[in-house]
Amino acid sequence: MNRQIIRLQNAILNFRHGRLLFITSSFFALIYHLSFLIVFKCLKVMPMFYFNIVSVILFAFVTLRSFKMKNVIPYYFVCYIEVVVHQIMADFFLGGDADFHYFILLIGLLPALVFGKRIKLATFVVTISVVIFMLMEGHAPFIFPVYFISYKVISVIRIVNIACTSVVIASSLLMYAYIVLHVENNLEEQVNQKTKKIVRLQDHTIESLANLVENRDIDTGDHIQRTSAYVNILATEAFNKGIYPSVIDRKFIDLVTRVAPLHDIGKIIISDTILKKPGKLTDDEFNTMKTHTTEGVRIIKEIFSYTEDREYVSTAMDVAGCHHERWDGLGYPKQLKGEEIPVSARIMAIADVFDALVSVRCYKSALPLDEAFEILQKEAGNHFDPVLIDVFISVKDRVIEAYNQEEKKI
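Residues numbered from 1 in each chain as written. Predicted model: local features only at pLDDT ≥ 70, side-chain atom pairs only at ≥ 80, totals over all residues. Heavy atoms only, no water.

What follows covers the pattern of salt bridges. In the structure shown here, the tally under the stated rule is 13 salt bridges. Across the pair glutamate 237 and arginine 398 runs a salt bridge, and its minimum N-O distance is 3.0 Å. With glutamate 237 in helix H9 (residues 223–240) and arginine 398 in helix H17 (residues 396–409), the pair connects residues that are 161 residues apart, well separated along the chain. For arginine 398, a relative accessible area of 35% corresponds to the partly exposed category. With a closest N to O distance of 2.8 Å, arginine 326 and aspartate 328 form a salt bridge. By relative accessible area, which is 24% here, aspartate 328 ends up partly exposed. One salt-bridge network, held together by shared partners, links Glu237, Lys241 and Arg398. (Salt bridge = Lys/Arg side-chain N within 4 Å of Asp/Glu carboxyl O. Helix = DSSP H or I, 4+ residues; strand = E, 2+ residues; numbered from the N terminus. Buried < 20%, exposed > 50% of the residue type's maximum accessible area, 1.4 Å probe, protein only.)

Take a look at the structure:
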């Protein structure tokens, strides 16, 4: 509730909403006082007639000043003082039977909206309003009116007061609903825009980090762009076919595509002598190379420790840490088997190996696309998830198209 009050206050203080509030409230205040100009002129209650003239001028002036200053607090205090003085004069000239004191209570409740978090000031104004109201109510029966007005006329004045008050309250509620709704929509739009900006910045950072790693070996070319494209194609088709529906949804597709460039981020700690070695790695060298998975998880934890999107970080760590696990349990670093391997890592493994097969490396030449697909199919159930391999083979044409598009960019 406090947050809503702050949002409403900010909306009221906003230039555009302030104009709406000032014009609307002043319009009814002017109508109210102009109507009583006529009433008191007809009744020849001249002090109240002149007071209403002053009130009309005052409201017009304060509205213009508040509109120029973009500040509703002075406007509120002027309204408050005017209402209190108005009720004192009504009691004095018309007698306590006029019974308009509830206006003081109504305006006394407004500080909760106007003053926001300034609880002490709001409490003070509300307390003063209650005290004034009780004092005036207590003395009302003993006040002898200066002007003798029939009970019927007093009843008419009461009806006019109630009618004006009802219109003002109804309009205020509608205005409140409009402002809050408008603020909520604007807030949601601002959050969405900032979120998109943060996501773009985050994705750009990821790609830059991944390129930093990949560019250490010029033979890898656009490996991260191609693998990301393959991951997106495979995940999307799996979703369309209802594969692993408890895991693969549209959000998963977006996440796994965005984190795919981070799958080899751990290679940043691998020395060039191993990373760029043209021949077969020794056992020690291969064991060192394997550490890029666990190091990738560590690096992701450190880099993204600030983010509140835990699902994003978790998916990134799964992809970096498990994309070398095998379906038969002979992979690394944890020797996970079958469905123990996260789905995101299983998808990443297929995309990564396919791109490695069809790309030139310092230790090998590129294989033809058809041969690469045949190798993947043979490894279904051994290296790769057989269900996902079937999906990957089913979108062979789209994978080849993505491959050719990236090749044209090189």
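This paragraph deals with helix H15 (residues 369–378). Think of an α-helix as 3.6 residues a turn; residues three or four steps apart then line up on the same face. Here H15 has its buried residues at Leu369, Ala372, Phe373 and Leu376. Around the axis of H15, the buried residues are gathered within 100° of arc, so they sit on the same side. (Arc of directions from axis to C-beta.)

The omega angle of the peptide bond from tyrosine 332 to proline 333 is 10°, so this bond is cis rather than trans. When you line up the elements, proline 333 lands in the loop between helix H13 (310–322) and helix H14 (343–358). Although it is not a glycine, tyrosine 244 sits at a positive phi angle of roughly 45°. For tyrosine 244, the position within the fold is in the loop between H9 and helix H10 (250–259). Given a relative accessible area of 18%, tyrosine 244 falls into the buried group. Positive phi values are uncommon outside glycine, yet glutamine 335 reaches one of about 55°. With respect to the helices and strands, the residue glutamine 335 is situated in the loop between H13 and H14.

Another aspect to go through is the nonpolar core. Counting 50 residues, the largest nonpolar core has Ile347, Phe354 and Phe392 as the members making the most contacts within it. Secondary structure elements with two or more residues in this core: H9, H10, helix H12 (283–303), H13, H14, H15, helix H16 (386–394) and H17. It is H14 that contributes the most residues to this core, nine residues altogether. Ranked by size, the runner-up nonpolar core spans twelve residues in total, among them Phe36, Leu37, Phe51 and Leu94. (Core = buried A, V, L, I, M, F, W, Y, C linked by side-chain atoms within 4.5 Å.)

Relative to the helices and strands, glycine 266 is located in the loop between H10 and helix H11 (272–275). Under the relative-accessibility criterion, glycine 266 is labelled buried at 0%. Setting aside its immediate chain neighbours within four residues, glycine 266 contacts His292, Glu295, Gly296 and Ile299. (Contact = heavy atoms within 4.5 Å.)

Look at H12: 30 Å from first C-alpha to last across 21 residues, which is about the 30 Å you get at 1.5 Å a residue. Helix geometry: H12 is bent most strongly at threonine 294, by close to 30°. Those residues of H12 not exposed but buried are Met289, His292, Thr293, Gly296, Ile299 and Ile300. Its buried side turned inward, H12 meets H11 and H13. (Expected span 1.5 Å × (residues − 1). Bend = angle between axes of the 7 residues up to and from the residue.)

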